[in-house]
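Architecture and fold: a report
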Amino acid sequence: MISFAELGVEKNILDAIEELGFVKPMPVQEEVIPQLIQKVSGDIVALAQTGTGKTAAFGLPIIQNTQTNKNHVQYLILSPTRELCVQIADDLISFSKYKKGVKVAAVFGGSSMERQIKMIKQGAQIISATPGRLLDLIKRKAVKLSKIDTVILDEADEMLNMGFRDELEAILQNTPEHKNTLLFSATMPKEVLAISKNYMHDPIEITIGKKNVGAENVKHEYYMVHAKDRYLALKRIADYYPEIYGIIFCRTRKETQEVADMLIKDGYNADSLHGDLSQAQRDNVMNKFRIKHLRLLVATDVAARGLDVDNLSHIINYNLPDELEIYTHRSGRTGRAGRTGTSIVIANMREKKKIKDIERLLNKNFELKEIPSGRAICEKQLYHLIDRMEKVVVDYSEIESFLPNIFKKLEWLDREELIKKFVSLEFNRFLAYYKNTKELNAPSDKQSRDRQSREKQPRLDSSEYSRFFINLGKRDNIKPVNIIGMVNDFTGIRDINIGEIEILNNFSFFETDRKYEDDVLKSFRNKERNGREINVEVSEKKKSSKRKKDKSKKKKQTGTNAAPPKKLLRKRRR
Ligand code: ADP
Ligand code: MG
């Protein structure tokens, strides 16, 4: 096992990282540190995931090589977000704890420009910056990059994803020709390759195994639910893990805020982290999350990028990301530092293929999990409560003086009743909430969903159904499954009772619970199938020998079916 000293790291830095608990170098550090310290090669492109120890890989060598007797900028690190930029500056300051005279400036948007300019003027040799703000400072001539030794592009893929391409190019054009460039990226899309082609000279390429440090320790699970049940499913999952400490990833800022608001309203220790918040708000949220005051952080990918928290128990994908690679970033946030973690996807039927794609990408299988039932959650919470009660440390000296009165007050309760009451005090919220909750699992294939949802429904009496005409039939390739699907999807009422379905050549009939008649009519309005407008109207009851005759119906019916409304027939034959 090679040590940091053997990689060429000098004493003062070894002392600093020892305090940080670094024992042996991580793979990316083993590769990059000697290259940078001895400047054996020029430019480097390193493919490495989050959590692989990149900051120290470039950070230790640049601290070691910083010329503290000079006051010009020697090293520039560009990263995509304010958080990441601050984190990097912070890490560098820790690494330089025992090296006098190293000055690091963090340059990022949303914070006082004057202070940042002052830091640079005081002779910062290292700047950690986000591209936007740095370019502003360059334009104001507040920073000079003409004597830069090395530029480090950290999380280059993410910088380009965030649309920093022009800023990056403008910044690189302000740096000297002979400098070295080091580019880190988790993925290598075309845009990143283009940057390396245009701005780097014969870079050596390093690939650090496909996996994160923690990837081995991450379990991947998914739950199948209907899209509209996502939030309920999230709550069940959170409730099922009383010790949960995790990040919930959403796709948009709006969704992030909404989910966080709902969680807060429902009594969870949760908050949101996204780009619409001010810097002060973000700092506040991150600090509370770090000290576990918040157990659930609802975040966008970009905002969560820089958050360095090692002991997360869960990552929850409230929605799958549009780009599969992002899933790797997300799940890499858990299972770090030797701990195990779980990455959960709340998926709907349409996302099954995406899950397959991710499985292929990660070369790992996802486990399909059942959303825990209300009963299972109650049980879990209850035992958790009991465990806590057993373990709680009683501060006798503090409560001593109150005890006589309390004992007296509770004298009338026997032990069993006392326990029941104490437990209920904490537990009633769960009992009440989960008393009559429905099943949330979406069966994983469509057929069984149709079968199940039909079988589960008690048949209604024929008079309790409304019968509908629909202008789609066999020649439109309509099957009962499709009708059920449309009724469920359009109305959004999952447990609507659907009666008989009769498919004819040109049109069909179906029945649903009468109390939803209006919902069905409304929900089918302005709907299309294969480009054709769908028409649904209430039709007359069918006469059926199997069922009790509906005595109130006196109208004659033609054949087995009520005739379709005329105007629809006309439309159809046009
Ligand atoms: P990345 O930039 O690749 O996402 P970081 O540089 O943020 O990864 O490192 C991830 C975590 O691992 C940090 O908490 C860091 O302090 C820790 N770390 C880095 N190198 C080592 C090491 N050699 N030994 C132990 N922990 C390390
Ligand atoms: Mg990093």
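Each remark here, short or long, concerns the structure printed above.
Note that the coordinates shown come from a computational prediction; the quantities given were computed from them, not determined experimentally. Residue numbers run consecutively from 1 along every chain, following the written order of its sequence. Labels follow written order: the first chain is A, the first ligand is 1, and so on. Given that the model is predicted, a residue must reach a pLDDT of at least 70 before its local features are reported, and side-chain atom pairs must reach 80 or more before they are shown or counted; all residues, however, enter totals for whole chains, interfaces and linings. Water and hydrogen atoms were dropped before computing side-chain values, which therefore reflect all heavy atoms in the structure.

1. Remarks on the packing of aromatic side chains
Threshold: Any two of the Phe, Tyr and Trp rings considered here, Trp counted by its six-membered ring, make a pair once their centres fall within 6.5 Å; the pair's planes then place it as stacked at under 30 degrees, edge-to-face at over 60, or tilted in between. Secondary structure follows DSSP: runs of H or I at least 4 residues long count as helices, runs of E at least 2 residues long count as strands, and numbering of each begins at the N terminus. When a residue's accessible area, from a 1.4 Å probe over protein chains only, is under 20% of the maximum for its type it is buried; when over 50% it is exposed; and in between it is partly exposed. We call a charge positioned above a ring when the Lys NZ or Arg CZ atom is no farther than 6 Å from the ring centre and deviates by at most 35 degrees from the ring normal.
Summed over the entire model, instances satisfying the criterion amount to 13 aromatic pairs. Arranged with centres 6.3 Å apart and planes meeting at 65 degrees, the rings of Tyr222 and Phe366 form a pair that is edge-to-face. Taken as a pair, Tyr222 in strand β8 (residues 218–224) and Phe366 in the loop between α15 (352–362) and β14 (367–369) lie far apart in primary sequence, 144 residues in all. Relative to Phe509, the ring of Phe469 lies with its centre 6.0 Å away and its plane at 70 degrees, an arrangement referred to as edge-to-face. With Phe469 in strand β15 (residues 465–470) and Phe509 in strand β17 (residues 508–513), this pair connects stretches of sequence that are 40 residues apart. Residue Phe469 is classed as buried on the basis of its relative accessible area, which comes to 2%. One aromatic cluster is present, formed by Phe468, Phe490, Phe510 and Phe524 through successive ring pairs. Positioned above the aromatic ring of Tyr245, the side-chain terminus of Lys292 is 4.8 Å from the ring centre. Positioned above the aromatic ring of Tyr240, the side-chain terminus of Lys380 is 4.0 Å from the ring centre.

2. Here we look at the packing of helix α3 (residues 54–65) against helix α4 (residues 82–95)
Condition: A fitted line through C-alpha atoms represents every axis, and for helices the fit uses only the stretch in contact; the resulting angles, taken between N-to-C directions, go from 0 to 180 degrees. Small angles under 35 degrees read as roughly parallel and large ones over 145 as roughly antiparallel, with 65 to 115 read as roughly perpendicular and the rest as oblique. Left-handed is the label given to a crossing in which the near helix is rotated counterclockwise from the far helix by less than a right angle, and right-handed is the label when the rotation is clockwise. Contacts: residue pairs with any heavy atoms within 4.5 Å of one another. Residues are grouped as follows: Ala, Val, Leu, Ile, Met, Phe, Trp, Tyr, Cys and Pro are nonpolar; Asp, Glu, Lys and Arg are charged; all remaining types, including Gly, are polar.
One way to put it is that α3 packs onto α4 with a least axis distance of 10 Å and a crossing angle of 50 degrees. As the angle between them shows, α3 and α4 are arranged oblique. When the axes of α3 and α4 are compared, the crossing they make is right-handed. Across the interface between the two elements, Thr55, Ala56, Phe58, Gly59, Leu60, Ile62 and Ile63 of α3 pack against Ile88, Asp91, Leu92 and Phe95 of α4. Of the residues contributing to the contact of α3 with α4, the split by class is eight nonpolar, two polar and one charged.

3. A few points about the site of ligand 1
Defined as follows: Any residue with a non-hydrogen atom lying within 4 Å of a molecule or strand is treated as near it. Throughout this description, a polar contact denotes any pair of N or O atoms lying within 3.5 Å of each other; where both atoms belong to protein, one of them has to be capable of donating a hydrogen while the other can accept it, and for residues adjacent in sequence the pair is counted only when both atoms sit in side chains. In these tables, accessible area is a Shrake-Rupley quantity obtained with a 1.4 Å probe, and a residue counts as shielded only by the protein chains included in the view. The split into domains, and so the bounds of each, comes from an automatic or database assignment of domains.
Near ligand 1 lie 16 residues; those nearest to it are Lys24, Gln29, Gly51, Lys54 and Thr55. In this structure, Thr52 approaches ligand 1 through a main-chain N or O atom, which is 3.0 Å from an oxygen atom. In the model, an oxygen atom of ligand 1 is placed 2.8 Å from a nitrogen or oxygen of the Thr55 side chain. Here ligand 1 has 560 Å² of accessible area as a free molecule, and 81% of this is covered by the chains. Grouping the amino acids of the shell around ligand 1 by side-chain chemistry returns four nonpolar, seven polar and five charged. Composition of the shell around ligand 1 by domain shows at least three residues from each of domain 1 (11–207) and domain 2 (218–373).

4. Examining the packing of helix α10 (residues 230–240) against helix α19 (residues 415–434)
Helix-helix packing is characterised by the crossing angle of the two axes and by the distance between the axes. Close contact between α10 and α19 brings their axes to 13 Å; oriented N to C, the two are set at 145 degrees. Taken as a pair, α10 and α19 cross one another with a handedness that is left-handed. For the pair α10 and α19, the contacting residues are Leu232, Lys235, Arg236 and Asp239 in the first and Phe430, Tyr433 and Tyr434 in the second. Split by residue class, the contact of α10 with α19 holds four nonpolar, no polar and three charged.

5. As for helix α14 (residues 324–331)
Within α14, six of the eight residues are buried, which leaves the element mostly enclosed by the surrounding structure. Buried residues of α14: Ile326, Tyr327, Thr328, His329, Arg330 and Ser331, and no others.

6. With respect to the pairing of strand β16 (residues 498–503)
Condition: In this analysis, strands are considered paired if DSSP registers two or more bridges between them.
Counting buried residues along β16, five of its six residues qualify, which places the element largely inside the surrounding structure. As defined by bridge partners, β16 adjoins β17 across four bridges and the pair is classed as antiparallel. Along β17, the bridge assignment pairs Glu502 with Phe509. Between the antiparallel neighbours β16 and β17 lie four residues.

7. Comments concerning the sheet that holds strand β9 (residues 246–249)
With respect to topology, seven strands assemble into an open sheet ordered β10-β11-β9-β12-β13-β8-β14, the strand pairing being parallel. Both outer strands of the open sheet, β10 (270–273) and β14, are each paired with one neighbouring strand and no more. Across this sheet, the average inter-strand angle for adjacent strands is 25 degrees, counted without regard to direction. The sheet contact formed by β9 and strand β12 (residues 314–317) spans four bridges and is parallel. Following the sheet pairing, Gly246 is matched in β12 by His314. Each of β9, β10 and β11 (296–299) touches helix α12 (residues 279–290); the most contacted strand, β10, lies at about 135 degrees to it.

8. Quick look at helix α22 (residues 517–524)
Our working definition: Comment: arc refers to directions from the helix axis out to C-beta atoms.
Every buried residue belonging to α22 is among Val520, Ser523 and Phe524, and all of these are buried. In a view along the axis of α22, the buried residues occupy a sector of 95 degrees, so they form one face of it. On the buried face of α22, the contacting elements are β15, α21 (480–491), β17 and β20 (536–539). Downstream of α22 by a residue or two, Asn526 has a phi angle that is positive, lying close to 60 degrees.

9. Remarks on unusual backbone geometry
A positive phi angle is found at Lys292, which is not glycine, with a value near 65 degrees. Among the structural elements, Lys292 can be located in the loop between α12 and β11. Phi at Asn526 takes a positive value of approximately 60 degrees, unusual for a residue other than glycine. Relative to the assigned elements, Asn526 resides in the loop between α22 and β18 (528–529).

10. Some details on a nonpolar patch on the surface
What counts, and what does not: Only residues whose relative accessible area exceeds 30% and that form no salt bridge enter a patch; like-charged residues are grouped when within 9 Å of one another, and nonpolar side chains (Val, Leu, Ile, Met, Phe, Trp, Tyr) when within 5 Å. Salt bridges are defined as contacts in which a side-chain nitrogen from Lys or Arg sits within 4 Å of a carboxyl oxygen from Asp or Glu.
The grouping of Met389, Val392, Val394, Tyr396, Ile399, Phe402, Ile406, Leu410, Phe422 and Leu425 at the surface amounts to a nonpolar patch, some 970 Å² of accessible area in total. Elements supplying a minimum of two residues to the nonpolar patch: α17 (396–399) and α19. You can see Leu410 is positioned in the loop between α18 (403–409) and α19.

11. Side note on the pattern of salt bridges
Summed over all chains, the structure comprises 19 salt bridges. With a shortest N-O distance of 3.7 Å, Asp229 and Lys228 are connected by a salt bridge. Of the residues examined, Asp229 reaches a relative accessible area of 2% and is grouped as buried. Between Asp476 and Arg532 there is a salt bridge, with its nearest N and O atoms 3.6 Å apart. One end of the pair, Asp476, is in the loop between β15 and α21; the other, Arg532, is in strand β19 (residues 532–533), and 56 residues separate them in sequence. Of the residues examined, Arg532 reaches a relative accessible area of 29% and is grouped as partly exposed.

12. Examining the nonpolar core
Worth spelling out the cut-off: Residue types Ala, Val, Leu, Ile, Met, Phe, Trp, Tyr and Cys, when buried and joined through side-chain atoms within 4.5 Å, form a set referred to as a nonpolar core.
Counting residues in each nonpolar core, the largest one holds 34 residues, and the members touching the most others are Leu76, Leu78, Ile127, Leu134, Val143, Leu145 and Leu153. Residue contributions to this core peak at four residues, all from helix α6 (residues 131–139). Those residues in contact with Ile127 that lie beyond four places of it in its chain are Val73, Tyr75, Leu76, Ile77, Ala105, Val107, Ile120, Leu134 and Val143. Within the second largest apolar cluster, 33 residues are counted, among which are Val9, Tyr75, Ile88 and Val102.

These figures capture arrangement, not role.
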